[in-house]
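Below are the chains, spelled out letter by letter.
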2 protein chains.
Amino acid sequence: MNTDQPLSFLSQCPIPIDRYPMITMAHGGGGRLMNQLIEQMFAQTFQNSYLLQKHDSAVLPVPTKKIAMTTDTYTVSPLFFPGGDIGTLAVYGTVNDLAMSGATPAYLSLGFILEEGLPMEILWRVVQSIQKAAANAGVAIVTGDTKVVERGKGDGIYINSSGVGFIEHDLTIQPTSVKPGDSILINGDVGRHGMAIMAQRDGLRFESEMDSDCAPLHTLVRKLIDEKIQIHMLRDLTRGGLVSALHEISQVCGRQISIEESKVPVEEAVVGACEILGFDPLYVANEGKLVCIVAKEEAQKALAVMRNHEQGTGSQIIGQVQEAARIEVVSKNQMGSLRVLDLLSGEQLPRIC
Amino acid sequence: MNTDQPLSFLSQCPIPIDRYPMITMAHGGGGRLMNQLIEQMFAQTFQNSYLLQKHDSAVLPVPTKKIAMTTDTYTVSPLFFPGGDIGTLAVYGTVNDLAMSGATPAYLSLGFILEEGLPMEILWRVVQSIQKAAANAGVAIVTGDTKVVERGKGDGIYINSSGVGFIEHDLTIQPTSVKPGDSILINGDVGRHGMAIMAQRDGLRFESEMDSDCAPLHTLVRKLIDEKIQIHMLRDLTRGGLVSALHEISQVCGRQISIEESKVPVEEAVVGACEILGFDPLYVANEGKLVCIVAKEEAQKALAVMRNHEQGTGSQIIGQVQEAARIEVVSKNQMGSLRVLDLLSGEQLPRIC
């Protein structure tokens, strides 16, 4: 658990923690305690005009003819880790899924599954993180739901966040738009989120601490669109990391994808941790990284735009889409030899997001 | 578990159950098994043009300037019960939350939390139920997410479904629109969903089996709107039942609400089960019931419209909004004496939805 909260933190909790120190089944039962939790903790913290409707569904204005919609459930363990927590993830992860369609994220919903016995203090910390991340990303929490499950039927907190964003561009950003010859760009180094969690989970200490890269990517995408880059495809690199994302794209567009491993940025601490724990950074989860696929002629311009954004200072052109009609991801090392990067058959890092 | 599936049911499962008999951590790890689950089971069963985009978020047309958005997580135990299962609930519950804003439900997302060891057969049954319910309600499953948690960190299946609907009317259907003198209508008998689950959970047998009332309510609402009923407020009666819903409305509009208990329909089997198990049907969960609040002058017309719809044949005018500026729900019995219907302080029926 992160301990960098100010001392006044607990006294600010709108629910008196000394009287209600933990979540009970009654907090999910539809009665007075659930009412108190929703009104005093959630509604007060996330307050906005949509939540004030206090209705089963929120009525929301939509200024565009198209929206993006997404959902993600967060089951990360541990709940707090260097660089973020489950609350930060629940906002930025969903914001990023919307951004991958080039949408401007607008509305989020929150669905909590709380385990009986969860300390109220933990919930309060997570709720505060959600509020900060939502404010930072410029999205409103417009509706929510809370369920409580018996001890041993959950793991503290699971959060679903679903999102709606506005689509104001005419691009078709999806895997089927990818064409042979296209260039593949990445916005920075890979593997930090997954290794930060693993280090925390195993109680390992490394010389330089690895922070999760958890960050919102929608303003980076927005900048690319504003600069008239004809984006073919965007994908954020979460579970399964870079290779799994490229595999999914190869599967849909039906072309081989090649990357140059030496071009993929990886921090030294991540390389070291991966060696010790037996992981390949190309398969490790990120929460603030994307690949952007554009026509080769646009690659340099896109790279310049990305490097000029705070979420893209470490951007690189890492590979390209090949002519070969094969569902395959390959990597070329510095000696020029190829290796096939298989989709992992099993788990690499469960409960990472 | 319901056993009325045809014999060919298991052989239709797109994932060979003899080879993959249960969910493993790898089904949530971002690799090949997760890919198989998503592509072969979810995408094939729910297929539509939005899912075919195979992207992090779905791009969706919106023909109206306003949408309704809602979220609900389903943790019901047991997963299967007379009259429905967690899949049916996940569709109709969310459809109903959209309908309470007078929206036409259009798009649903699904977020699964699967427990390691869950039999693949159970998941397949639930997925089939979702598909049937979605087809019946005319909504598309446009995006989804799957997480797997270790044994003992879940309870088989939890499902979040979030929804978006189109708002094509100019009514302001929310608690603040409720006015003194307004009439309160209900579309049928209360308490069946909660008692069906309780009976199943406790293995009780009653003379006449109680089925959950789980049903979509959006066409009933649509009919009221089409018939130009000036609806002030709608609320579906889930956790906490009729009394809790009326309390929430009283809290926001700041007026006392009175009902005549004898007018609230309750099936005999539900009355009996409630007596045995010690519940009050006015507080028991429903999944196909709503209250509709309209001006007194419109009550008879609204009642006629509701009774003429298959989800409203048992409709009744059950009470009214009082002048008294008190947050309170009271009931009048046949002798004319009043009793205050308190909001329950704790749980009545946990894990009912």
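Residues numbered from 1 in each chain as written. Chains lettered and ligands numbered in written order. Predicted model: local features only at pLDDT ≥ 70, side-chain atom pairs only at ≥ 80, totals over all residues. Heavy atoms only, no water.

Draft legend 1. Broad picture of the overall build of chain A. Along the backbone of chain A there are 8 helices and 14 strands. Projected onto its principal axes, the C-alpha positions of chain A cover 65 × 50 × 35 Å. The buried share of chain A, reckoned over its 353 residues, is 63%. If you take every contact in chain A between residues at least 6 apart in sequence, the share linking residues at least 24 apart comes to 86%. Accessible surface, chain A: about 13100 Å² in total, of which carbon and sulfur atoms supply 47%. Between the mean site of the 29 positive side-chain charges and the mean site of the 40 negative ones, chain A shows a separation of 4 Å. (Helix = DSSP H or I, 4+ residues; strand = E, 2+ residues; numbered from the N terminus. Buried < 20%, exposed > 50% of the residue type's maximum accessible area, 1.4 Å probe, protein only. Contact = heavy atoms within 4.5 Å. Areas by Shrake-Rupley, 256 points an atom, 1.4 Å probe, with all protein chains shown as cover. Lys, Arg positive; Asp, Glu negative; His and termini not counted. Charge placed at Lys NZ, Arg CZ, Asp CG, Glu CD.)

Draft legend 2. Region of the structure containing the interface of chain B and chain A. Contacts between chain B and chain A engage 83 residues on the former and 83 residues on the latter. With both sides pooled, the region where chain B packs onto chain A buries about 6400 Å², and carbon together with sulfur makes up 52% of that total. For chain B, the biggest contributors to the area lost against chain A are B:Asp56, B:Met69 and B:Arg239; these three give 12% of the whole. Our enumeration of links across chain B and chain A arrives at 10 salt bridges. Between A:Asp145 and B:Arg239 there is a salt bridge, with the nearest N and O atoms lying 3.1 Å from each other. The interface formed by chain B and chain A contains 42 residue pairs in polar contact (both at pLDDT 80 or more). By residue class, the composition of the side of chain B that touches chain A is 33 nonpolar, 31 polar and 19 charged. In the sheet, strand 1 (residues 58-61) of chain A pairs with strand 2 (residues 66-74) of chain B via 4 bridges, with the strands oriented antiparallel. (Buried area = accessible area lost by both parts, 1.4 Å probe. Salt bridge = Lys/Arg side-chain N within 4 Å of Asp/Glu carboxyl O. Polar contact = N/O pair within 3.5 Å; in protein donor to acceptor, adjacent residues only side chain to side chain. Nonpolar A, V, L, I, M, F, W, Y, C, P; charged D, E, K, R; others polar. Pairing = 2+ DSSP bridges.)

Draft legend 3. Local environment of the packing of aromatic side chains. All names here are of chain A. Across all of its chains, the model carries 8 aromatic pairs over all chains by this definition. With a centroid separation of 4.8 Å and 5 degrees between ring planes, the pair formed by Phe42 and Phe112 is classed as stacked. Here the residue Phe42 occupies a position in helix 1 (residues 32-45), and Phe112 occupies one in strand 5 (residues 104-115), the gap between them amounting to 70 residues. Just as Phe42 is buried, Phe112 falls in that class too. (Phe/Tyr/Trp six-rings, centres within 6.5 Å; stacked < 30°, edge-to-face > 60°.)

Draft legend 4. Quick peek at helix 1 (residues 32-45) of chain B. Between its first and last C-alpha, helix 1 of chain B extends 19 Å over 14 residues, near the 20 Å set by a 1.5 Å rise per residue. Of the residues making up helix 1 of chain B, those classed as buried are B:Leu33, B:Met34, B:Asn35, B:Gln36, B:Leu37, B:Met41, B:Phe42 and B:Thr45. Tucked into the core, helix 1 of chain B has its buried residues touching helix 6 (241-253) of chain A together with strand 5 (104-115), helix 3 (120-137) and strand 6 (140-149) of chain B. (Expected span 1.5 Å × (residues − 1).)

Draft legend 5. Structural view of the pattern of salt bridges. Summed over all chains, the structure comprises 38 salt bridges over all chains. In this structure, A:Asp72 and B:Lys147 form a salt bridge, with 3.0 Å as the shortest nitrogen-oxygen distance. Of this pair, A:Asp72 sits in strand 2 (residues 66-74) while B:Lys147 sits in strand 6, placing the two residues on different chains. For B:Lys147, a relative accessible area of 3% corresponds to the buried category. In this structure, B:Asp280 and B:Arg339 form a salt bridge, with 3.5 Å as the shortest nitrogen-oxygen distance. Here B:Arg339 lies in strand 14 (residues 338-340) and B:Asp280 lies in the loop between helix 7 (268-277) and strand 11 (290-294), a separation of 59 residues in the sequence. Classification of B:Asp280 by relative accessible area gives partly exposed; the value is 21%. According to the relative accessible area criterion, B:Arg339 is partly exposed, its value standing at 36%. A single salt-bridge network, built from bridges that share partners, covers A:Asp72, A:Arg239, B:Asp145 and B:Lys147.

Draft legend 6. The arrangement of helix 3 of chain B in detail. For helix 3 of chain B, which comprises 18 residues, the first-to-last C-alpha distance of 26 Å matches the rise-based estimate of 26 Å (1.5 Å per residue) to within 8%. Within two residues after helix 3 of chain B, B:Gly138 carries a phi angle of roughly 70 degrees, on the positive side.

Draft legend 7. Molecular detail of the domain arrangement of chain A. Residue and element names in this part refer to chain A. For chain A, the domain assignment lists domain 1 (7-167) and domain 2 (175-340). Here the C-alpha centroids of domain 1 and domain 2 sit 29 Å apart. Taken together, the contact between domain 1 and domain 2 spans 21 residues of the former and 22 residues of the latter. Regarding the contact of domain 1 and domain 2, the summed buried area is about 1700 Å², with carbon and sulfur atoms giving 64% of it. Summed over the three residues of domain 1 that lose the most area to domain 2, namely Pro82, Asn96 and Met100, the buried surface amounts to 34% of that side. Joining domain 1 to domain 2, the criterion identifies 0 salt bridges. Here domain 1 is connected to domain 2 by 8 residue pairs in polar contact (both at pLDDT 80 or more). Per element, the largest residue contribution to the side of domain 1 that touches domain 2 is 8 residues, and it comes from helix 2 (residues 86-99). (Domains from an automatic or database assignment.)

Draft legend 8. Looking closely at the relation of the copies chain B and chain A. Note on the identical chains: chain B maps onto chain A by a rotation of 180 degrees and an axial translation of 0.0 Å, with an RMSD of 0.0 Å. Viewed as a symmetry operation, the transformation between the two copies matches a two-fold axis. (Least-squares fit on C-alpha atoms with pLDDT ≥ 70 in both.)

Draft legend 9. Highlighting the packing of helix 1 of chain A against helix 3 (residues 120-137) of chain A. Residues and elements named next belong to chain A. Two elements in contact, helix 1 and helix 3, have axes separated by 9 Å at closest approach and are oriented at 30 degrees. Our classification of the angle between helix 1 and helix 3 gives roughly parallel. Contacts from Leu37, Met41, Phe42 and Thr45 in helix 1 reach Met120, Leu123, Trp124, Val127, Gln128 and Gln131 in helix 3. Of the residues belonging to the contact of helix 1 with helix 3, the class tally is 7 nonpolar, 3 polar and no charged. (Axes fitted to C-alpha atoms, helices over the stretch in contact; angles between N-to-C directions. Parallel < 35°, antiparallel > 145°, perpendicular 65-115°, else oblique.)

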